[in-house]
Each structure stands twice: as C-alpha cells, then as structure tokens.
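Residue-level structural notes
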Amino acid sequence: MAVIDVENLTQDYGHGRGVFDVSFSVDKGQVFGFLGPNGAGKSTTIRHIMGFSKPQKGSTKVFGLESFHNYYKILANVGYLPGEIALPEGLTGWEFIKMMSDLRKVDNKELLNRLLDMFKLNPSAETKKMSLGDKRKLAIVTAFMGDPDVLILDEPTSGLDPVMQQVFIDFVKEEKKRGKTILLSSHMFNEVDATCDMISIIKDGKIVSTFEASKIKHNENKNFEVTFSSKESYNEIFEIYPKSRNNLKTFKKISILSCNPEILTVNFAVNDKDINSFVQQLSNFNIKSFKENKFTLEDYFMQFYREDKDFGGVLWKK
Ligand SMILES: Nc1ncnc2c1ncn2[C@@H]1O[C@H](COP(=O)(O)OP(=O)(O)OP(=O)(O)O)[C@@H](O)[C@H]1O
Ligand SMILES: [Mg+2]
C-alpha cells in the first residue's frame, strides 16, 4: 500500500491558478521528488496531503487515512516542513524546539543534538531574529527530531547555502538507507537528482511527467558534440544525417540537434545502439574534438518550458 496517495486532486483558485487532477503515490521507503517552479502547485498539493485544506475534487491519503478528517493523526506521525515558515513570536529557538517536542511527544536528546551539530545551528537566539537560513535549519531539525518514518518536506533547502544543502542531501541519503519514506518538493535539480527514486514534474498545477529518476541517468539517448577541423567536413556531414528536430520524438536514428557554422560544431542525437556506426562514420571526417553532453534532469525539465526551441523534442514521456 502506498504511504502517501494523491488521486485526482483538484483545487481551483480561479484564473488558472491552483492544482488540477493531480495524482501520484509514494511507496514505503521511497524518496519522491515533487519538482516544479514558483507557483506550480507544490505547496497547495502538500497542504492537502497534510489535511489542512479540503479538496474540491479528488482525495489525498496518508497511511491510508483520508487527510482532511485525520489531520491530527497525520501531523502527529509525519515529520512536516512547511514551505513558508511562520515561527511564533517571542520564542527562542530552544523554546520552539521544546514546544514542538511537547506537541509531538518526542524526547530524543541524542538525535536532537546530532541534528543541531550536523546543521550547525545554535538555537539560543530569538526565532524572530534568526537569519532565513537558521529558520530553515530550525524547521529541518524539528521535522526530523522525532525520527518519524514519513517526512513531507516543502522546499527544505530554500535559503540554505550550498554547504548546508550538501549536508542535507547526505542526511536524506542516510535516512533513505534507514527505510524512511520522504516526499520532497523542490525546484533544485541537484538535490532531487541526488536523493530521489521517483520524480513528478508539476507545471501550471498539472502533473506533466512522473518517472523513475534512474531513467535520466541511464537514458539510452545520447547527445554528442563534435567540432570539425574543416569547413568541408562540417558541410559534408549534413549530406549524411537528417537535420530534423522532429526526429527527437522517437530518437531512433542518428540526427542533428543543432549546429554552429562559425565554430564548426554540430550536436548529434544518437541512440546507444547506433553509437558504433556513428563513430565509424565520423572517422571519415576531420575532427577537432568530440564530447558527450550528458542529458540531465534539468535538460528534461526544461523541455516542458521550451518546446519550440532547437532542442525541442521530448525524449520520453510517461
Ligand atoms: N489560498 C489561495 N488562494 C488563492 N490562490 C492561491 C492560494 N494558494 C495558492 N494559490 C495560487 O495557486 C498557485 C500555486 O501556488 P503554490 O503555493 O502551491 O505554488 P508552489 O509550487 O508551492 O510555488 P513556490 O515554489 O513559489 O512555493 C499559485 O498561482 C498561487 O498564487
Ligand atoms: Mg511553495
């Protein structure tokens, strides 16, 4: 059974804003990335999963419990990190930690100290006077301090510096090994790439793609950039390979993605099974350099935002 289940969730705020027919599920032990730009609908979806809002249509469940009517149970058992952190006035970090520990009935000093140490947080200051990064660290520490089996984290690293972001990534990887189930919303490709097993991309309130993260790393479609030594070789290549971005939709053949006549560079789309014949063919030409441009999660994500540009085909869609 899925630990988190979102089925056809719709919350229409008007003027095209909100979330529409959103469905995905997170299995036990999975780290699930919910990737989307500002205003895409990540926090709206997460607030429904936590049970803070009643869906107009569809449903959200955690541990098989419908969220809205069970939000107390869900909040008590899930490590939650809100997208917008609103800390109560007049409390120090320590007092906030104490308040959250009492609310969630957790008392694990060893884990708390380990988290404070790991994220280099001194909670003595008043929360109001904390820097954005320290507030975020406080939210991370309180989400994890009860050692919950399930974590729902809305942009956990926004406001953290790159060193702390890496600390967070390493920590999530450790927690994943310990069998935790984590839903993580983000617009940072590196952290989603480094931690997630499954990824959903949300755009304008709709899920546009859900896929296994390994599909990106082991994509059988490659992009090679070749710089020719002579204008003759550069020109000749166009007689052999098709120059059509429509080819990318299937990516079955070797084809030209883009070219730059000034520096004699051509980008080729090549399927794994065609690499040998591609290299053999190229050996007949004068070549200055040859390199593979790795296809990244960012490349895939950006395709949903620039479908008409040169690298416009969708390599695979699910
Ligand atoms: N309570 C609300 N009333 C009206 N519109 C809302 C409400 N909450 C969110 N929206 C709108 O719904 C859309 C999705 O917002 P949401 O906060 O879910 O985006 P997000 O993906 O979390 O963005 P960000 O990365 O900026 O946090 C936005 O257009 C937002 O303005
Ligand atoms: Mg948000």
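Structure shown above.
Residues numbered from 1 in each chain as written. Chains lettered and ligands numbered in written order. Predicted model: local features only at pLDDT ≥ 70, side-chain atom pairs only at ≥ 80, totals over all residues. Heavy atoms only, no water.

Further remarks concern a nonpolar patch on the surface. On the surface, a cluster of nonpolar side chains totalling about 340 Å² of accessible area is made up of F52, Y71 and Y72. In this structure, Y72 sits in helix α2 (residues 71–77). (Patch = residues over 30% accessible without salt bridge, like charges linked within 9 Å, V, L, I, M, F, W, Y side chains within 5 Å. Areas by Shrake-Rupley, 256 points an atom, 1.4 Å probe, with all protein chains shown as cover. Salt bridge = Lys/Arg side-chain N within 4 Å of Asp/Glu carboxyl O. Helix = DSSP H or I, 4+ residues; strand = E, 2+ residues; numbered from the N terminus.)

Closest axis-to-axis distance for the helix α5 (residues 132–144)/helix α6 (residues 162–177) pair is 13 Å, and the angle between their directions is 10°. When the axes of α5 and α6 are compared, the pair comes out roughly parallel. Facing α5, whose interface residues are K137, I140 and F144, α6 presents M164, F168, F171 and E175. Residue composition of the contact of α5 with α6, grouped by class: 5 nonpolar, no polar and 2 charged. (Axes fitted to C-alpha atoms, helices over the stretch in contact; angles between N-to-C directions. Parallel < 35°, antiparallel > 145°, perpendicular 65-115°, else oblique. Contact = heavy atoms within 4.5 Å. Nonpolar A, V, L, I, M, F, W, Y, C, P; charged D, E, K, R; others polar.)

Right, let's talk about the sheet that holds strand β5 (residues 65–66) for a bit. Strand pairing within a sheet occurs via backbone hydrogen bonds; the two strands may be parallel or antiparallel. Ordered by their spatial adjacency, 4 strands build an open sheet running β2-β1-β4-β5, and the pairing between neighbours is antiparallel. Looking at which strands have only one partner, the edges of the open sheet turn out to be β2 (17–26) and β5. (Pairing = 2+ DSSP bridges.)

Under the defined criterion, the tally for this structure stands at 1 cavity of 30 Å³ or more. By volume, the largest cavity is sized at about 30 Å³. Looking at the largest cavity, the residues that line it are L111, R114, F144, D147, F171, E175 and R178. When residues of the lining of the largest cavity are traced back to their parent elements, those giving at least two are α4 (109–118) and α6. Looking at side-chain class alone, the lining of the largest cavity contains 3 nonpolar, no polar and 4 charged residues. (1 Å grid on protein atoms, 1.4 Å probe; cavity = no way out; pocket = protein on both sides within 12 Å on 5 of 7 lines; lining within 4 Å. Points joined across faces, edges and corners; volume = space filled by probe spheres on them.)

As for its placement among the helices and strands, R104 is situated in helix α3 (residues 93–104). Since its relative accessible area comes to 17%, R104 is described here as buried. (Buried < 20%, exposed > 50% of the residue type's maximum accessible area, 1.4 Å probe, protein only.)

Structural measurements only, silent on function.
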